[in-house]
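Residue-level listing of the chains:
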Amino acid sequence: RLVMAALRQSEQRYRSVGEHQSDLVCRYLPHTTLTFVNEAYCRFFGKRREELIGTRFIDLIPEADRPAALRNVREILEGGEPRVDEHSVVLPDGSLGRQQWVDHVIESPDPGAVELQAIGRDITDRWRSDETLREKEMSLGEAYERIRSLAHRLMLAQEAERTEIARDL
């Protein structure tokens, strides 16, 4: 009875930690089917837990980012160390957001049963700021090149004018 009580208490602590995280927490099977999501994950995607459990998280990722996300899962399953992975996601309003994740394998006491756990965070604001900065840098670079071209043409025009004046004199 004491062991069972300790086990229940341990499970409650684990669930409490997972549920009160501001980071997104999920567990999934190797083929990306979600088996657990915390409240932050539900809020981010605007869905209830019951709507998410049993679905594949890969379906929340845009087509273009899916191969890299699946490759990351495969490499972790093949014994790779957990590492930071970033990818875009489809937000509830249909726009794109960005998330950063760290996934790792959870070995099960059952032989052959494997699950993965991932902890992620929303980096959409930073990603959008970086995109805006890149666009402004490109725009600035283009403006600089236009100014250089204009300055070069101005110097050529001035030189031609000087040559014309010298010829007239």
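Cut-offs applied
- Residues numbered from 1 in each chain as written.
- Predicted model: local features only at pLDDT ≥ 70, side-chain atom pairs only at ≥ 80, totals over all residues.
- Heavy atoms only, no water.
- Helix = DSSP H or I, 4+ residues; strand = E, 2+ residues; numbered from the N terminus.
- Rg over C-alpha atoms; globule rule 2.2 N^0.38 Å.
- Buried < 20%, exposed > 50% of the residue type's maximum accessible area, 1.4 Å probe, protein only.
- Pairing = 2+ DSSP bridges.
- Axes fitted to C-alpha atoms, helices over the stretch in contact; angles between N-to-C directions.
- Contact = heavy atoms within 4.5 Å.
- pLDDT = per-residue confidence, 0-100.
- Phe/Tyr/Trp six-rings, centres within 6.5 Å; stacked < 30°, edge-to-face > 60°.
- Core = buried A, V, L, I, M, F, W, Y, C linked by side-chain atoms within 4.5 Å.

### Focus on the overall build of the protein chain
And step 1. Secondary structure summary: the protein chain contains five helices and five strands in total.
And step 2. Traced from its N-terminal end to its C-terminal end, the protein chain shows the element sequence α-β-β-α-α-α-β-β-β-α.
And step 3. Against the globule reference of 15 Å for 169 residues, the protein chain gives a C-alpha radius of gyration of 28 Å, more extended than a compact globule.
And step 4. With the principal axes as the frame, the protein chain shows a C-alpha extent of 115 × 30 × 25 Å.

### As for the pairing of strand 1 (residues 24–28)
Look at any regular strand and the pattern is simple: side chains alternate between the two faces of the sheet.
And step 1. Counting buried positions over the five residues of strand 1 gives five, a clear majority of the element.
And step 2. The alternating pattern of strand 1 places Leu24, Cys26 and Tyr28 and Val25 and Arg27 on opposite faces, both of which are buried.
And step 3. Pairing of strand 1 with strand 5 (residues 114–122), which is carried by five bridges, proceeds in the antiparallel orientation. Residue pairing in the sheet places Leu24 in a bridge with Gly120 of strand 5.
And step 4. Relative to strand 2 (residues 34–37), strand 1 is paired through three bridges, and the arrangement is antiparallel. Bridge pairing links Arg27 to Phe36 in strand 2.
And step 5. With antiparallel pairing between neighbouring strands as the criterion, strand 1 and strand 2 make up a hairpin whose turn holds five residues, including Thr32 at a positive phi of roughly 80°.

### A word on the environment of Glu81
And step 1. Positionally, Glu81 belongs in the loop between helix 4 (66–77) and strand 3 (84–90).
And step 2. Note on Glu81: relative accessible area 61%, which makes it exposed.
And step 3. Taking C-alpha positions, Glu81 is 7.5 Å from His104, a pair spaced 23 residues apart along the chain.

### Regarding the sheet that holds strand 2
And step 1. As summarised here, the arrangement of the five strands in space is 2-1-5-4-3, forming an open sheet in which the pairing is antiparallel. A single partner strand is all that each edge strand has here, and the edge strands are strand 2 and strand 3. Direction aside, the axes of adjacent strands within the sheet are offset by 30° on average.
And step 2. In the packing of helix 4 onto the sheet, contacts are made with strand 1, strand 3, strand 4 (96–107) and strand 5, and the angle to strand 4 comes to roughly 20°.

### Points about the confidence of the model for the protein chain
And step 1. Per-residue pLDDT for the protein chain has a mean of 88; in total, 93% of the residues score no lower than 70.
And step 2. When the elements of the protein chain are averaged for pLDDT, helix 1 (residues 2–19) gives the smallest value, 77, and helix 3 (residues 49–52) the largest, 94.

### Notes on unusual backbone geometry
And step 1. Positive phi is not limited to glycine here, since Thr32 has a value of about 80°.
And step 2. Along the chain, the position of Thr32 falls in the loop between strand 1 and strand 2.

### Notes on the packing of aromatic side chains
Aromatic rings considered in pairs are described by the distance between their centres and by the relative angle of their planes.
And step 1. For the coordinates displayed, the defined rule picks out four aromatic pairs.
And step 2. An angle of 70° between the planes, with centres 4.7 Å apart, marks the rings of Tyr28 and Phe57 as edge-to-face. Separated by 29 residues along the polypeptide, Tyr28 in strand 1 and Phe57 in the loop between helix 3 and helix 4 bring together distant segments of the chain.
And step 3. Given a relative accessible area of 1%, Tyr28 falls into the buried group.
And step 4. A relative accessible area of 11% means that Phe57 is categorised as buried.
And step 5. With 5.0 Å between their ring centres and 50° between their planes, Tyr41 and Phe45 make a pair best called tilted. Here Phe45 and Tyr41 lie together in helix 2 (residues 39–45), a separation of four residues that amounts to about one turn. Considered together, Tyr41 and Phe45 belong to a single accessibility category, that of buried residues.

### A short note on the nonpolar core
And step 1. One finds Cys26, Tyr28, Leu34, Val37, Tyr41, Leu52 and Phe57 to be the most contacted residues of the largest nonpolar core, which totals 23 residues.
And step 2. Residue assignment for this core shows that the elements contributing at least two residues are strand 1, strand 2, helix 2, helix 4 and strand 5.

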